Structures are given as C-alpha cells and as structure tokens.
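Notes for the structure review
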Amino acid sequence: MEIILDVTDLHIEFHDHETPEVAVHDFDLMLGKGEIVGIVGESGSGKSMSALAIAGLLNRKTLTKSGRIMFDKHDLLTCDRKTLRSYQGDEISIIFQEPMTSLNPVKRIGWQVEESLRIHHPDIDKKIRKMKAIKMLKDVGLENAADVYNMYPHELSGGMRQRVMIAAAMIGEPKILIADEPTTALDVTVQAQIVDLLKKINREKGTSIIFISHDLSLVNQLCQRVIVMQKGNIVESGKTTDVFTRPRHTYTKKLIAAIPKIDLNGDGDMA
Amino acid sequence: MKYTLKKFVSMIVTLVVVSLCVFLAFNVLPGDPAVRMLGLEASPELIAQTREQMGLNDPFLVRYFRWFIAFVQGDFGTSYSYSVPVAGLVANKIPITLTMGLMAFVITVLISIPLGIVTAKYENGILDRIINVSNQIVMAIPPFFSGILITFVFGLILRIFTPGGFVSYTEDMGRFVRYLFFPSLAVALPKISMTVKMLRGSLIDEAAKDYTRTAYSRGNNTNGVLYRHVLKNAMIPVITFLGMALADMVAGSIVIEQVFSIPGISRILLTSISNRDYPVVEAIIMGIAVIVIVVNFLVDVIYRIVDPRIGIE
C-alpha cells in the first residue's frame, strides 16, 4: 500500500502555564492510500490535538511542535505557510465535532461549500463551480441540494450541517479527510448515517480517512486500523479486529469494557 | 419583505406615539401662548378671543389631530415670537445641521472601521496599544471641548480653515462642506473611539469561534479569514451601535454649532426655548425624533441583510 502521510515523533507542548504541559508525546502514524485509521481515547488523550496538527491548524504562539508530518515530500510542520495553505482544503480536509458552529452563520451554504475551489482553483468557471457544489451536496445525501445551496446554516439540522461540512471538505477531492469526532454531537441514527457516508466516500473516491472518536463501536465499524491514545501517548495500535478482540494494554481493555455492548463482528469494511 | 413591512408599520406606530407625547408635553407646560403673543397688557376679552381663534379651547385630541395632520403636510404652525410659519424659519437651517450629523457619521465609519480592523489584527501590537490609549483619551473629551481644540489647532495655528468663516450651502457647496468638516470631526471623535473599541472586541470574539477554524482549514490566509468570514459577523453589533450613534450625532451637532458659530438649528432652538415659542421647539424636537426613528428603521433593514438569522420565526 502506498503511504501518503507519514507522521513520526509528533510532540506537542503547551506553554500557557509556568511548567510546560505535554499534550501529545511521540505520536506516530502511517496512513496508506484509501485506508481508514481510527484514533480513540478519552477527552484530553491528545487525539484531537494530533489531528489538528496534521491539518495545520495548531498555530498558537503558546504551543511548540516537533517531529515530522511528511505529506507530498513536504514536512507540514516546517514547510512555509504558503505550501501548507496550498494543501489545506485541497489535499487535506477536516471536519469537526461541532456542526452547529463550524459553519459561518452569515454566509450561504453554497458559498461555503465552494470555498476550497474558489481558493485553490480560481480558474474554474462560476457556473461549473456551482454545479459541482450542488452535485457534492447531493452526494452527501442532501436531496434538495439546489435549495440547500441557497440556504443559511441556521435553516439546517445538525446532521444536515455535518453533511454540508463533509461536502465542503470533499469538494476539492482531497487525498486525506480528517474527521475529528464528526458524530459526537449528533443523534444515534444520524451518527450511523454519517459513518455510512464516510464509508461511501472512502469506497468511491479512495479518500484516506483519519477517524477520531471515543466511540469504539463506530471505530470498529469503520476503521481498518486503530490507534489507542491515553494522556498524549499511543498505548496500543494495530488492526482493528486484533486490538478489539485481543487488547494487550489495560487502558484499551478498560475502554472496551466501558462500552455497554459492542458488536465485535461489526459490519466494517475489514480490508 | 414581510420583515421589512413589519418594521415599517412599527416605525409608523412609533412616530404617532412619539408625536402624541411631544404634543402632550407642550400642552402641560405652563404659559399661555395667547398671552405670549399679545403681551401681558392685553385685555382678558382679547385673550379669550385669540384663544378661540387659535383653537386652544378645543378638546385635546381634536387639537392633536389638527396639529398632526398639518405637521405631516409640512405645516409646522406659526412661530409665536416671529409670527411667520415655522417651516420657513427652520427650512434653511435643517440642511446645515443634518449635513453636519451625516458628515460626522461618514467620518466615523471611514476612520473607525479600518482602525478597528488594524487593532484587532495586530492585537497587543504597538499600533494596537497606541490606538487603545488614544481611544481612552478621546472618549473622555466632550465634543464641545475638542471643537475648541480643533478650532485652535486647525483654524488658528495651521490655518486650514477660517474660524467663523461659515459659508452657506446656497452660496458655495464646496466651501460649505469644507467648513463643516472640522465641527463634524469634533462630533465624530468620541464616536470613533467607541466604534474602534467595539469593533476590535467584536472581531477578536468572532476570530475565536469555530467557523474561523473551518475557514483556515480550507486554505484561507489571515486576510481571507478576516475579510471573507469574520468581518461580516463582527459588524452585526457595530451596526446597532452606529445606528444609535448617527441619531446621537445629529443631536450632538446642535451643541457644536455654537462653538463653530454655524447658523444651524441650535441658535433658533435656544431662543425659542427661552421665548416659549412652542411651535418652533415642537417642530425641532419632532424633527430629531423622526430622524432617530427613521435611522432605527434603516438599521433594522440593514441588519436583516447582514444577519440572515434575524426575523425568522
């Protein structure tokens, strides 16, 4: 399998207080083309921090990062901002936990979905851009895509907004989609729909997905490989089936035990 | 459209209520207009006759409607002290005061929005600190005093304009506007400080919101995030403030006219108050009220354009 993202020794430290606080300690991740990797762990385990770092969204002055995030022969941690920006939204996209607030409240849905295209491919004709956006909105399961195109975020439900976020993230056909707890804020039925949608995207477009969640059953359904994090460290990683059937680390065992009922024969696309 | 219509109806209702209040207030004020007109030596018979002629003995509501309908038609009554129609008395004064208020508003918008953006963009930088400190100072100086300072600096030292050399718009529009620039600046200064402070805070708040992170994730640079995403959101509270500030600046211009010896509404307002020339005072107060209410209506309409969440049930 072709490796498209190679993260080694990612280390993130906060300097908000007197003593520096380590958020992520030596995080490693190799992401293959078309692969879905899950990162699980409780709040504060550093999983979202790692994801934001890969997406190039950790730029606070009170924070230091070290290690390497290799993508397309560039180290995203050290390359210039312009190079990083040229990947953001075009090659590497991200969707977030909060679909209610992640969209700009005063801009139309269509405008927001098209944004990556406008930034990265300004040569694309306005009409074609609109067509692509409407097609994208249809692809993520919004039936009345042409109407949604002209709506504002407050006119949509949480599930619909997350679909819009996915449409906006996918319009540039990125190589990597980072999904940072994309279903946590949604109803259980909507959660399953979003997971199915991510599966479909992965299958049809071959997009590699990094799926971050604390919901192990979802990870089990969706991911081929899983990384378990605790307090900024990777405590266990491997094939999802192996990790979930034969957890070696006590923390992983606890996480699995904490789930009321887990379907270990889940219908995930186990490659 | 429905929203605009609703706001329009509410504007008309407000106008009627305000006019009723103004009329009522001038009715309970002491002083008999008939006596005022005729002088203290007039015989009681003549006063009674005049009162009858002026319709002062009619029931309150009848007098109110007569006054209101005339007002809408542009007949503001007759000045007690000058015995000429109020409309003619204020007609060539209102444009002066109004121009000043509007110029102050335009100056406020043109200066405060770029400054607000700069202070927020370079938060805690040197420029931000300098502007913040000057803001505190400027905010504390009342317009009439900054007016005196401006006259001194720009008029007497730099000689950019001639203090007291007011030229009416009927004579020379260019010189009229140039002269009014400095008093308008005096009116605008405290509002500029407040708007800068407000926009800065609003921009910084908005920049911390989730959609900003989304905007960065799509490959926007700082300016892209600022101008394409954050600014419109941050302007929402600022628009409300600017609406109030506009009405306030029209009223504030009245005071400043005295400092710059501009023959606007102020002089006639002051003399009319001391002469108990009620029709003139009424007309001016109503004029200011109309401006405030219309501006509020316009702010509501602009609001709806900027923030799509407003007016949806």
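These figures come from a predicted structure and were not determined experimentally.

**Quick word on the overall build of chain B**
For chain B, the count of helices and strands is 13 helices and zero strands. Projected onto its principal axes, the C-alpha positions of chain B cover 85 × 60 × 30 Å. Across the 313 residues in chain B, those meeting the buried criterion constitute 32%. Pairs at least 24 apart in sequence give 73% of the contacts found in chain B among residues at least 6 apart.

**Focus on the interface of chain B and chain A**
Contacts between the two partners involve 18 residues from chain B, matched on the other side by 23 residues from chain A. Among the secondary structure elements, those contributing two or more residues to the side of chain B that touches chain A are helix H10 (210-217) and helix H11 (222-259) of chain B. Ranked by residue count, the leading element in the side of chain B that touches chain A is H10 of chain B, at six residues. For the side of chain B that touches chain A, the per-class residue count stands at four nonpolar, seven polar and seven charged.

**Describing the confidence of the model for chain A**
Detailed reading of the predicted coordinates is not advisable wherever pLDDT is low. The share of residues in chain A with pLDDT of 70 or more is 96%, and the mean pLDDT across the chain is 91. The lowest-confidence element of chain A is helix H10 (residues 250-257) of chain A, averaging 86 in pLDDT; the highest-confidence one is helix H3 (residues 109-120) of chain A, averaging 97.

**Re the sheet that holds strand E2 (residues 21-32) of chain A**
By definition, the strands of a sheet pair up through backbone hydrogen bonds, in either a parallel or an antiparallel sense. Residues and elements named next belong to chain A. Across the sheet, which stays open at both edges, the four strands sit in the order E2-E1-E4-E5 with antiparallel pairing between neighbours. The open sheet has two edge strands, E2 and strand E5 (74-75), and neither has a second partner. In the packing of helix H1 (residues 47-54) onto the sheet, the strands contacted are strand E1 (3-14), E2 and strand E4 (63-71), and the crossing angle to E1 comes to about 120°.

**Overview of the domain arrangement of chain A**
Residue and element names in this part refer to chain A. According to the domain assignment, chain A contains domain 1 (1-91 + 175-271) and domain 2 (99-173). Between the C-alpha centres of domain 1 and domain 2 the distance comes to 25 Å. At the junction of the two partners, domain 1 supplies 12 residues and domain 2 supplies 15 residues. The element contributing the most residues to the side of domain 1 that touches domain 2 is helix H7 (residues 188-205), with six residues. Here the side of domain 1 that touches domain 2 is built from residues that sort into eight nonpolar, two polar and two charged.

**A look at helix H6 (residues 158-170) of chain A**
Residues and elements named next belong to chain A. For H6, with 13 residues, the first-to-last C-alpha span of 18 Å sits near the 18 Å given by 1.5 Å per residue. Within H6, burial applies to Met 160, Arg 161, Gln 162, Arg 163, Val 164, Met 165, Ile 166, Ala 167, Ala 168, Ala 169 and Met 170. Where H6 is buried, its residues contact strand E6 (92-95), H3, helix H4 (126-139), strand E7 (176-180) and H7.

**Considering the pairing of E1 of chain A**
Residues and elements named next belong to chain A. Relative to E2, E1 runs antiparallel, the two sharing eight bridges. Bridging across to E2, Phe 14 finds its partner in Glu 21. Hairpin connection between E1 and E2: a loop of six residues separates the two successive antiparallel strands.

What counts and what doesn't
Residues numbered from 1 in each chain as written. Chains lettered and ligands numbered in written order. Predicted model: local features only at pLDDT ≥ 70, side-chain atom pairs only at ≥ 80, totals over all residues. Helix = DSSP H or I, 4+ residues; strand = E, 2+ residues; numbered from the N terminus. Buried ≥ 20, exposed ≤ 12 C-beta atoms within 10 Å, placed from the backbone. Contact = placed C-beta atoms within 7 Å. Nonpolar A, V, L, I, M, F, W, Y, C, P; charged D, E, K, R; others polar. pLDDT = per-residue confidence, 0-100. Pairing = 2+ DSSP bridges. Axes fitted to C-alpha atoms, helices over the stretch in contact; angles between N-to-C directions. Domains from an automatic or database assignment. Expected span 1.5 Å × (residues − 1).

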